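Structure at a glance
Take a look at the letters that make up each chain.
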Amino acid sequence: MRPTSISTLVVAALAAAAVGWLLLSSFYAQMPRLPWLPIIVLAALAIAEAFLAQNTSARIQHKPGAARVEPLAVARYAVLAKASSLAGALFGGFSAGLLAWLELEPTKAATDDIPAAIAGVVASLALVCAALWLERSCRVPERPDQKDGGESDRSAGRS
């Protein structure tokens, strides 16, 4: 499994921003106010993943007082991190598209929805950052004999 590409996240966010803009410009009159519950959920996920990242990193690096790490749990955390970073990018892009449209709309309803859109962008960015940190924390550290470029001492003598 390869690390998450920042370019993939940027493209997903831009596509979601365009969809958000188009949906809001077409259906804003029929929509209720922007909800806060998804923002709270994203913020809670960001906090949970940041905690997991810190804990997993300490356990993988065998820091004093850290318990042994289960390899299957680390694999699950890595999958969670990849999915969360993409979901955060999509929701963040969507919220940014909403925010851009709301900034240009001169109505009172649009002005009242701006804080929710800003909070959506912030919570999404927090989730993406926490997810990328968790993904990075799941990497196995290099062993001292592999830091010089690849082959271990045992296989270096074979031809």
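Residues numbered from 1 in each chain as written. Predicted model: local features only at pLDDT ≥ 70, side-chain atom pairs only at ≥ 80, totals over all residues. Heavy atoms only, no water.

What about the nonpolar core?
Applied cut-off: Only buried residues count toward a nonpolar core. Its members are Ala, Val, Leu, Ile, Met, Phe, Trp, Tyr and Cys residues joined through side-chain atoms within 4.5 Å. Each residue's exposure class comes from its accessible area (1.4 Å probe, protein chains only) as a fraction of the maximum for that residue type: buried when under 20%, exposed when over 50%, partly exposed otherwise. Runs of H or I in DSSP of at least four residues are treated as helices and runs of E of at least two as strands, each being numbered from the N terminus. Contacts between residues were defined by any pair of non-hydrogen atoms, one from each residue, lying within 4.5 Å.
Counting residues in each nonpolar core, the largest one holds 18 residues, and the members touching the most others are Leu 24, Tyr 28, Leu 34, Ile 39, Trp 101, Leu 102 and Ala 117. Going through the elements one at a time, helix H2 (37-60), helix H3 (71-104) and helix H4 (108-137) are the ones with two or more residues in this core. Beyond its immediate sequence surroundings of up to four residues, Ala 117 is in contact with Leu 34, Ser 95, Leu 99 and Leu 102.

Remarks on the confidence of the model for the chain
We count it as follows: Note on scores: pLDDT gives the predictor's confidence for each residue, bounded by 0 and 100.
With 89% of its residues at a pLDDT of 70 or more, the chain shows a mean pLDDT of 87. Ranking the helices and strands of the chain by mean pLDDT puts H4 first, with 94, and helix H5 (residues 153-156) last, with 47. A low-confidence stretch, residues 152-159 stays under pLDDT 50, and its non-local contacts, those more than four residues away or across chains, total three contacts.

What to know about a nonpolar patch on the surface
Definition in use: Surface patches are defined over residues having more than 30% relative accessible area and no salt bridge, joining like charges when they lie within 9 Å and nonpolar side chains (Val, Leu, Ile, Met, Phe, Trp, Tyr) when within 5 Å. Method for areas: the Shrake-Rupley scheme with a 1.4 Å probe, in which residue coverage is limited to the protein chains shown. We count a salt bridge whenever a side-chain nitrogen from Lys or Arg sits within 4 Å of a carboxyl oxygen from Asp or Glu.
The grouping of Trp 36, Leu 37, Ile 40, Val 41 and Leu 45 at the surface amounts to a nonpolar patch, some 480 Å² of accessible area in total. The topology assignment puts Leu 37 in helix H2.

Considering the pattern of salt bridges
With the rule as written, the count across this model stands at three salt bridges. A salt bridge links Arg 33 to Asp 113; the nearest nitrogen and oxygen atoms lie 3.9 Å apart. With Arg 33 in the loop between helix H1 (6-27) and H2 and Asp 113 in helix H4, this pair connects stretches of sequence that are 80 residues apart. Exposure remark for Asp 113: the relative accessible area of 2% places this residue in the buried category. Of the charged contacts, one joins Arg 68 and Glu 70 as a salt bridge, the two residues approaching to 3.9 Å between their closest N and O atoms. With a relative accessible area of 63%, Arg 68 lands in the exposed category.

Examining the packing of aromatic side chains
Here is the rule: Ring pairs are drawn from Phe, Tyr and Trp, using the six-membered ring of Trp, whenever the two centres fall within 6.5 Å, and their geometry is named by plane angle: stacked under 30 degrees, edge-to-face over 60, tilted for the rest.
Per the stated rule, a full pass over the model turns up one aromatic pair. Seen in terms of ring centroids, Tyr 28 and Trp 101 are 5.1 Å apart; in terms of plane orientation they differ by 55°. Their pairing is tilted. Separated by 73 residues along the polypeptide, Tyr 28 in the loop between H1 and H2 and Trp 101 in helix H3 bring together distant segments of the chain. By the burial criterion, Tyr 28 is buried, and Trp 101 matches it.

Focus: the environment of Ile 39
In this fold, Ile 39 is placed in helix H2. Between the C-alpha atoms of Ile 39 and Ser 124, which are 85 residues apart in sequence, the distance is 7.9 Å. When near neighbours in sequence (up to four residues on either side) are disregarded, Ile 39 contacts Ala 116, Ala 119, Gly 120 and Ala 123.

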